[in-house]
Amino acid sequence: SSGINAEYGDPRTPGNVLWVQFEQAIESVMIERNLEKKPHFRVESNDHITLGSWDDTSGQVSGEKQALARTAIARMEKQIAQRRIMTKPCFQDFDRHNYGYVSASQFAQGLSYLGLESTEPERKALEALYGDSKGINYHKFFEDLDPVAKEPRKYEKNLAEMISHIQFREAGTERLLKKEGCKTVEGVLDKIKENVMKRRIRLLEFFKDYDKLTSGRILKSNFTRALDLCGLNLTVDEIDLLAKEYQSEVVGKEDCIYYHKFNDEIESIFTVKGLEKAPTTQVVQYKITPEYLKNSLATPLQKVYDSVMKHLAQFVKTRRMQLYPMFEDYDKCRNGTVTYSQFRRVLCILCWITDELEFHALEEQYKVRVGGMNVFNYLAFCDDINAIVKEDSNK
């Protein structure tokens, strides 16, 4: 008490104590002050801070007592392993302040309660080995008797994961900026229509939040935000094409976008606006262009593809076999796709092709994107093979 008064006494007012400085010194054990102003400050572990230090007296214990204590510990280890008992909670009941020490009588009582047999000389040897002026250090005792693997610090791991996520997000943004998108408005609209058709989303709901006056116009910045929330994965150039196409013509509102007009164009894949006034209009259903038809092969690879398709069609025609069941065994989700390795496995089983270039040509022609990875569209492949077989049969 006198030491604290001398350290934190107020020099200007004798008898008073600078309690704020004392509080800050105590709380520095748990957290660094003003950490929000130092986001890059590295917080060190406080594992080295304990309530007390153990006076290691093992060097003062005779070799006979140390051997006797080790023998008792080895026997107790077998008893703990056989009975699968929890040792430390019993001693923690005696340690009210979590100081890590118990008295000699409490130590003996705890061993008796746990059923850990020990003779009087062995218990005296244990007390001499793990005891000091404060009592019996049961934490150190159980570290030797029933060691528990310490969990590694997770700060470095979590920090590395957070940095990798940030780098991945920044890399994704750079890829989006550098990604080559559609060059025409029609191409961008077709891309959005296919996305909306597959996911069945209503774009109008995302735009309405930015149009508080229901004027049908929103700012270009809000138009970009709404498209981003829709998850359409449009590039910056594609958004600029849309903004230029649907830009407001009202004087003083050139930075606004007619989102209603844009939404009507997208919604036309489901219905035609004003159809109740023209009941005789012939409505054509919108059809999504299959993804594999958008794949284009280079001229040398196209020749390889044409050759291998004719070869496979001739094989199917000769054997009079069905291709679909061969792939359906691997298509557990029934979405018409298999992985590249599964596709190669089927063709290798049939002994159709073994050339790597022929495999590559087929994979590039029928690749589709499912679940973030490229897979093989075996339904389109089988349909094209059957179409060639039918065409040859009609000749």
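These numbers were taken from a predicted model, which means no experiment stands behind them. (Residues numbered from 1 in each chain as written. Predicted model: local features only at pLDDT ≥ 70, side-chain atom pairs only at ≥ 80, totals over all residues. Heavy atoms only, no water.)

S.K.: Could you give an account of the sheet that holds strand S2 (residues 131-132), with specific residues and numbers?
M.R.: Within the open sheet, the three strands sit side by side as S1-S3-S2. Their pairing is antiparallel. Of all strands in the sheet, those with a lone pairing partner are strand S1 (101-102) and S2, marking the two edges. Where S1 and strand S3 (residues 135-137) come together, two bridges link them in antiparallel fashion. Across the sheet, the residue bridging to Tyr101 is Asn137, located in S3. Seen against the sheet, helix H7 (residues 138-145) touches S1 and S3 and runs at an angle of roughly 35° to S3. (Pairing = 2+ DSSP bridges. Helix = DSSP H or I, 4+ residues; strand = E, 2+ residues; numbered from the N terminus. Contact = heavy atoms within 4.5 Å. Axes fitted to C-alpha atoms, helices over the stretch in contact; angles between N-to-C directions.)

S.K.: Before we move on, could you go through the pattern of salt bridges and cite the residues and values that matter?
M.R.: One pass over the full model with this rule turns up 13 salt bridges. One salt bridge in this structure joins Glu238 and Lys191, with 3.2 Å as the shortest N-O distance. In this pair, Glu238 is assigned in helix H12 (residues 236-245) and Lys191 in helix H9 (residues 185-199), connecting sequence segments 47 residues apart. By relative accessible area, which is 1% here, Glu238 ends up buried. For Glu364, the salt bridge goes to Lys367, with nearest N and O atoms at 3.3 Å. The exposure class assigned to Glu364 is partly exposed, which follows from its relative accessible area of 24%. Given a relative accessible area of 25%, Lys367 falls into the partly exposed group. (Salt bridge = Lys/Arg side-chain N within 4 Å of Asp/Glu carboxyl O. Buried < 20%, exposed > 50% of the residue type's maximum accessible area, 1.4 Å probe, protein only.)

S.K.: Go over the packing of aromatic side chains, please, and point to the residues and values.
M.R.: Per the counting criterion, the structure on display carries 22 aromatic pairs. Plain terms: the ring middles of Phe207 and Phe223 are 5.5 Å apart, the flat faces sit at 20° to each other, and that makes the pair stacked. Separated by 16 residues along the polypeptide, Phe207 in helix H10 (residues 204-208) and Phe223 in helix H11 (residues 220-230) bring together distant segments of the chain. The two residues Phe207 and Phe223 agree in class, both being buried. For the ring pair Phe343 and Phe376, a centre distance of 3.8 Å and an interplane angle of 20° mean the geometry is stacked. One end of the pair, Phe343, is in helix H16 (residues 340-350); the other, Phe376, is in strand S8 (residues 373-377), with 33 residues separating them in the sequence. Phe376 carries the same exposure label as Phe343, and that label is buried. Taken together, the ring pairs in this structure connect Tyr305, Phe327, Phe343, Phe359, Tyr366, Phe376, Tyr378 and Phe381 into an aromatic cluster. (Phe/Tyr/Trp six-rings, centres within 6.5 Å; stacked < 30°, edge-to-face > 60°.)

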